[in-house]
Every structure is written in C-alpha cells, then in structure tokens.
Amino acid sequence: MRTFHAGFEPGHPPVRVCLGAGVRAGIGAEVVALGLSRALVLTTPQQAAQGEAVCAQLGALAHGLFSRAAMHTPVEITEAAVEAARGADCIVAIGGGSTIGLGKAIALRTDLPQIVLPTTYAGSEATPVLGQTANGVKETLRSPKVQPEVILYDPELVATLPVGLTVTSGLNAMAHAVEALYARDANPLSDQLALGGLRAFREGLPRVVADPGNLAARESTQFGSWLCGTVLGAVGMALHHKLCHTLGGSFDLPHAETHAVLLPHSAAYNAGAAARELAPVAELFGGSVGGGLYDFAAALGAPLALRDLGLAKADLDRAADLAVKNPYWNPRPVERGAIRALLQRAWEGARPQ
C-alpha cells in the first residue's frame, strides 16, 4: 500500500457526474443549469440519429448538429467543427472517444462548456487530456480547458453497444488504471481509483458479455469507466499509451482495439520494474500480470493480435522507431530492441509470460 506523503494533492477539477438509467432525459435541465441556451450537438456519422434525437429533446436549446467526429481527432475536422460552433454557447457530445475528443478540441479553442453523454467505456470524458492528430502524428496535451463540466452516464445508452465494442472499450479503460499504478506521480488516491476501476471491469465485463442488456451490469462497468478515466486525468501515463498513440496516429489502427491488444504486452514489459505496484493486478487476474490480462481478454473474445487490426508486418520496424522517439516516462527503460520484440509478440498475438 502506498503511503501518504507531504505535498499530496488530489488535483481533480470539479465535475458534475450523474449515473443511472434515464439520466439522459435531464440534458435540457443541465444546459439551463449552466446558464446556457444554444447547444451544439456532436456525434460521429454513425451516431447521427442519436444526435438528432438529442437535438429534438433540446428543442429551442439546440444550436445544431455536427456529425463528423472521427477517430484520433484530426485537426481538419476540428477546424470545421469550430466553424459550426459559431453562435453556440456550449457543446453536447454523445458518443465515444472520437466524439468526446472532438468536443474537447473545440473547447480548447473556444472555451465552450461541455456536457457529455458517453456511449462507450473508454473514459475520455473524465479527463483533462486531449489527443489530436495532425500530419499523421498524434500528440496529447493536458489542460483544464478540455475537461467536460457535466457527465451523464446512462446505462440505457450502452445497453445496445455491441459486445465486441463493449469489451475493447472496457479494456481500453482498464489500460488507464494499469498504467496509473506505476505512474511516476501515483499517490494513494490514484491507486484506489485504479484498483476500483479494475475490479469493476473484472466483475462487470463478463456479466455484460453473458447478458448485454443487463442494466445493472452496464451501470457497474460505467462506474468502472468513470474511475479509470478519472485516474487517467490525475496522473501521467507511460509506455502503453505512447505505443497506442503511435499506432493510432501513424498507422490509423482502431483506438480501443489497439489498447485491448497491447495492454497485456505493455503490462508484461513493465512487470519486473514495477513488481510492487502491479502486484494487485496479478492478484486480480490469476497470478500473473501480462498473462492474466491476456487470458481475461481472450475469455471475453477480445482481439489479441495487431495483425488482425490491419498492421502490416513490414510496419513493425517503423512503429518501433516512432515509439522510442520522445518516449513518455516509463518505469523500465524504453529500448528500441525490447520495444520491437514487444510489438512482434503483439502483432502475432502471442501470450505474454
């Protein structure tokens, strides 16, 4: 157990969080409570119908719908969305990481308040972190300007999320928690947030896979999403996130699926250097860190190999070169040969030891 020390500060900005079936019905009241009246609704093209429903629910409070959110938050789409936001006084984002990321990118440039209705589990809504892609390179920043003001977790919004997306999105959130345990600025509060999130997903994801419409199980995993997202915003991330940003931004791999595949391998890479910090993960997942996380993902039917996500074997050398360029802090040295070997195993889908 990590001990408290002088100078420890939680460092969390105030955010209104509501969790429960049907809370999305209060979206108009949330806009009014912020003293606002012209909400730009954001979605991906695939979720435009949900955005139209939110606009209809908002009525006169709706400024319009922008339904072009895209994976990895390309800056050219953000620029178009900022134009669409002219005259709006707030943002309502309904969707997963792509839509939430777009809302954050708009807020960074305009300082518009954000209300978020998550439809996946990645947890971006709970963080002051934004990742953006320009010229094929994804970079992240941390700013209180991108932290949403209101989060409405409605299990009815994720009850129809396909099981495959549920699993990969949940593993994406779990990756935040695993890295938080060995973060350079970890503290007793971040440890408890991380472990609580991992427990919620370990218990909830198998229940959701067995019965996707189980609202109690969906609500449990949404709580896990908030815990994991909150800890992502509280401490720095390390190798795992650098690898995912590299593969997503430079090779256009799908975000959640990439996290799902890489999590066992990045955790195994750091297991020796952060043995004490990762001991609770081994305990939760069958006695080993990398192998336990791999077995958990496999049992849920998650993707296990980067080659199945579309990464070519010929791209592994370049991916390794990019991953060791400007590396994030990590408990184990980030060495090109070791990273290339990690990527090879992840590409093949081999079980970490």
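The rules behind each value
- Residues numbered from 1 in each chain as written.
- Predicted model: local features only at pLDDT ≥ 70, side-chain atom pairs only at ≥ 80, totals over all residues.
- Heavy atoms only, no water.
- Phe/Tyr/Trp six-rings, centres within 6.5 Å; stacked < 30°, edge-to-face > 60°.
- Helix = DSSP H or I, 4+ residues; strand = E, 2+ residues; numbered from the N terminus.
- Buried < 20%, exposed > 50% of the residue type's maximum accessible area, 1.4 Å probe, protein only.
- Lys NZ or Arg CZ within 6 Å of the ring centre and 35° of its normal.
- Disulfide = S-S within 2.5 Å.
- Salt bridge = Lys/Arg side-chain N within 4 Å of Asp/Glu carboxyl O.
- Axes fitted to C-alpha atoms, helices over the stretch in contact; angles between N-to-C directions.
- Parallel < 35°, antiparallel > 145°, perpendicular 65-115°, else oblique.
- Contact = heavy atoms within 4.5 Å.
- Nonpolar A, V, L, I, M, F, W, Y, C, P; charged D, E, K, R; others polar.
- Polar contact = N/O pair within 3.5 Å; in protein donor to acceptor, adjacent residues only side chain to side chain.
- pLDDT = per-residue confidence, 0-100.

Under the defined criterion, the tally for this structure stands at 3 aromatic pairs. Seen from their ring centres, phenylalanine 223 and tryptophan 226 are 6.2 Å apart, and the 25 degrees between their planes marks the pair as stacked. Highlighted residues: phenylalanine 223 and tryptophan 226, both in helix H8 (residues 215–234), separated by 3 residues, approximately one helical turn. Ring centres of phenylalanine 285 and phenylalanine 296 lie 5.1 Å apart, and the angle between their planes is 65 degrees; this geometry places the pair in the edge-to-face category. Remark: phenylalanine 296 occurs in helix H12 (residues 290–299) and phenylalanine 285 occurs in the loop between helix H11 (275–284) and H12; sequence separation between them is 11 residues. Here phenylalanine 285 and phenylalanine 296 have matching classes, each one buried. Here arginine 307 stacks its cationic end above the ring of tryptophan 347, 5.3 Å away from the centre of that ring. The ring of tyrosine 269 has arginine 332 lying over it, and the distance from NZ or CZ to the ring centre is 3.8 Å.

Right, let's talk about the state of the cysteines for a bit. Scanning all chains against the criterion turns up 0 disulfides. Cysteine cysteine 55 remains unbridged, with the sulfur of cysteine 90 as its closest cysteine sulfur at 11 Å. On the accessibility criterion, cysteine 55 (16% relative accessible area) is buried.

The subject of this paragraph is the pattern of salt bridges. Oppositely charged side chains can form a pair if their charged atoms are brought close together. A complete count under the given rule lists 11 salt bridges for this structure. Of the charged contacts in the structure, one is a salt bridge between glutamate 30 and arginine 16, with a shortest N-O distance of 3.0 Å. Placement of glutamate 30 in helix H1 (residues 27–33) and of arginine 16 in strand S1 (residues 16–19) is noted, with a sequence separation of 14 residues between them. Glutamate 30 sits in the buried class, given a relative accessible area of 9%. Between aspartate 321 and arginine 336 there is a salt bridge, with its nearest N and O atoms 3.0 Å apart. One end of the pair, aspartate 321, is in helix H13 (residues 316–323); the other, arginine 336, is in helix H14 (residues 336–348), with 15 residues separating them in the sequence.

With that out of the way, let us pick up the packing of helix H6 (residues 163–181) against helix H9 (residues 239–251). At their nearest, the axes of H6 and H9 sit 9 Å apart, and the two run at 140 degrees to each other. Considering the angle they form, H6 stands oblique to H9. Of the residues in H9, those in contact with Ala175, His176 and Glu179 of H6 are Leu239, His240 and His241. For the contact of H6 with H9, the per-class residue count stands at 2 nonpolar, 3 polar and 1 charged.

The phi angle at asparagine 135 is positive, at roughly 55 degrees, despite the residue not being glycine. Mapped onto the fold, asparagine 135 is located in the loop between strand S6 (129–134) and strand S7 (137–142). One non-glycine residue with positive phi stands out, namely aspartate 252, at about 60 degrees. Relative to the assigned elements, aspartate 252 resides in the loop between H9 and helix H10 (255–271). Judged by relative accessible area, which is 54%, aspartate 252 ranks as exposed.

One can find threonine 221 in helix H8. Put simply, threonine 221 and glycine 292 are 71 residues apart on the chain and 19 Å apart in space, counted from C-alpha to C-alpha. When residues no more than four places from it in sequence are discounted, the contact partners of threonine 221 are Tyr121, Ala200, Phe201, Gly204, Leu205 and Val208. Side-chain polar atoms of threonine 221 contact the backbone oxygen of arginine 218, separated by 2.8 Å.

A word on the confidence of the model for the chain. Any residue range with low pLDDT should be treated as having predicted coordinates unsuitable for detailed reading. Confidence in the prediction for the chain averages 94 pLDDT; 96% of positions are at 70 or higher. Contacts from residues 4–8, a stretch scored under 50 in pLDDT, to residues over four places away or in other chains number 4 contacts.

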